[in-house]
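Residue strings, one per chain:
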Amino acid sequence: VWPTAQEIAANGHLDLKTRDWLLRTRGRGIIPASLDQQIATPFDFSFDAAGNDKRLHLNELFVRLAGVDFHAQGDYVTDLPKPLSLSLYINRRSSAPATADSLLTGRLHSEGHLDGTVAPLDLDFTGTARGYDLVILGHPYGDIHGNVTGQFVKDIATFNVNELTMLGGRGD
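As the structure is a computational prediction, the values presented were derived from the model and not from experiment. (Residues numbered from 1 in each chain as written. Predicted model: local features only at pLDDT ≥ 70, side-chain atom pairs only at ≥ 80, totals over all residues. Heavy atoms only, no water.)

Novice: Provide a residue-level description of the overall build of the chain, including the pertinent values.
Specialist: A tally of regular secondary structure across the chain gives zero helices and 11 strands. Starting at the N terminus and ending at the C terminus, the chain contains elements arranged as β-β-β-β-β-β-β-β-β-β-β. Looking at the chain as a whole, 24% of its 172 residues qualify as buried. Total accessible area on the chain is roughly 11,300 Å²; 59% of this is exposed by carbon and sulfur atoms. (Helix = DSSP H or I, 4+ residues; strand = E, 2+ residues; numbered from the N terminus. Buried < 20%, exposed > 50% of the residue type's maximum accessible area, 1.4 Å probe, protein only. Areas by Shrake-Rupley, 256 points an atom, 1.4 Å probe, with all protein chains shown as cover.)

Spelled out as structure tokens, the structure:
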């Protein structure tokens, strides 16, 4: 079921002569309750991007759902050897309400950065995650900290987790 849009606002601009454009939208709604999820879930979102035929600038992509905030920003510049540069952030505040069917409880602060090419697919990823009293899908992980690196090349993705601290231990 697609979320209902209780509130949405948008504006944009397109200059056919210069090929400059921009689009901004924001809104909120509710994902209705289902058999899997007993209660309706509110969400908020915003999208702000601008560009032309040489560059796309994502000023903000933001989604808040079930107490978890997802935020992205970045650029795609066509005449650079690695045209994509994107930063991603996923955070959950411990003050966000938790329910019995919450995917994530506790606090989470994470960030990641993607750089590379989309066609052909060749992306490098670096990131870090910190969690406090973290519970994911009902499994307690406690306090965590780790660094992640990875690559997406053609149809293969590889990841390495370094300096991971979790469940009171440490793994390198």
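Novice: Please set out the pairing of strand E5 (residues 68–77) residue by residue, giving values where relevant.
Specialist: In this sheet, E5 lies alongside strand E4 (residues 55–65) in antiparallel orientation, the contact comprising nine bridges. Bridging from a neighbouring strand, Phe 62 pairs with His 71 of E5. Pairing geometry for E5 and strand E6 (residues 84–92), over nine bridges, is antiparallel. Looking across to E6, one finds that Asp 69 is bridged to Asn 91. The antiparallel pairing of E5 with E6 creates a hairpin that spans six residues between the two strands. (Pairing = 2+ DSSP bridges.)

Novice: Outline the pattern of salt bridges, supporting the account with residue identities and numerical values.
Specialist: Enumeration according to the criterion identifies seven salt bridges in this entry. For Arg 28, the salt bridge goes to Asp 44, with nearest N and O atoms at 3.2 Å. Of this pair, Arg 28 sits in strand E2 (residues 21–31) while Asp 44 sits in strand E3 (residues 41–51), and the two are 16 residues apart along the sequence. (Salt bridge = Lys/Arg side-chain N within 4 Å of Asp/Glu carboxyl O.)

Novice: Now, about the environment of Gly 29: what can you tell me, with residues and values included?
Specialist: Tracing the sequence through the fold places Gly 29 in strand E2. Sequence separation between Gly 29 and Phe 43 is 14 residues, and the spatial gap between their C-alpha atoms is 5.5 Å.

Novice: An account of the nonpolar core is requested, with residue identities and associated values reported.
Specialist: Formed by Ala 49, Leu 58, Ala 72, Leu 84, Leu 86, Leu 114, Leu 123 and Phe 125, the largest nonpolar core amounts to eight residues. Here Leu 86 is in contact with Leu 58, Ala 72, Gln 73, Gly 74, Gly 112, His 113 and Leu 114, once residues within four sequence places are set aside. Core analysis: the next-biggest nonpolar cluster, separate from the first, contains five residues, Val 68, Leu 104, Leu 108 and Ile 144 among them. (Core = buried A, V, L, I, M, F, W, Y, C linked by side-chain atoms within 4.5 Å. Contact = heavy atoms within 4.5 Å.)

Novice: Let's hear about the layout of surface pockets: which residues, and what values?
Specialist: Over the atoms, a rolling probe the size of a water molecule traces out where space has been left empty. For the second largest pocket, the calculated volume is near 400 Å³. Taken together, 23 residues form the lining of the second largest pocket, with Leu 108, Ser 110, Thr 128, Ala 129 and Val 148 sitting closest to its centre. Counting only elements with at least two residues in the lining of the second largest pocket, the list comes to E6, strand E7 (104–117), strand E8 (122–136), strand E9 (139–153) and strand E10 (156–166). Looking at the lining of the second largest pocket residue by residue, the class counts come to 15 nonpolar, seven polar and one charged. (1 Å grid on protein atoms, 1.4 Å probe; cavity = no way out; pocket = protein on both sides within 12 Å on 5 of 7 lines; lining within 4 Å. Points joined across faces, edges and corners; volume = space filled by probe spheres on them. Nonpolar A, V, L, I, M, F, W, Y, C, P; charged D, E, K, R; others polar.)

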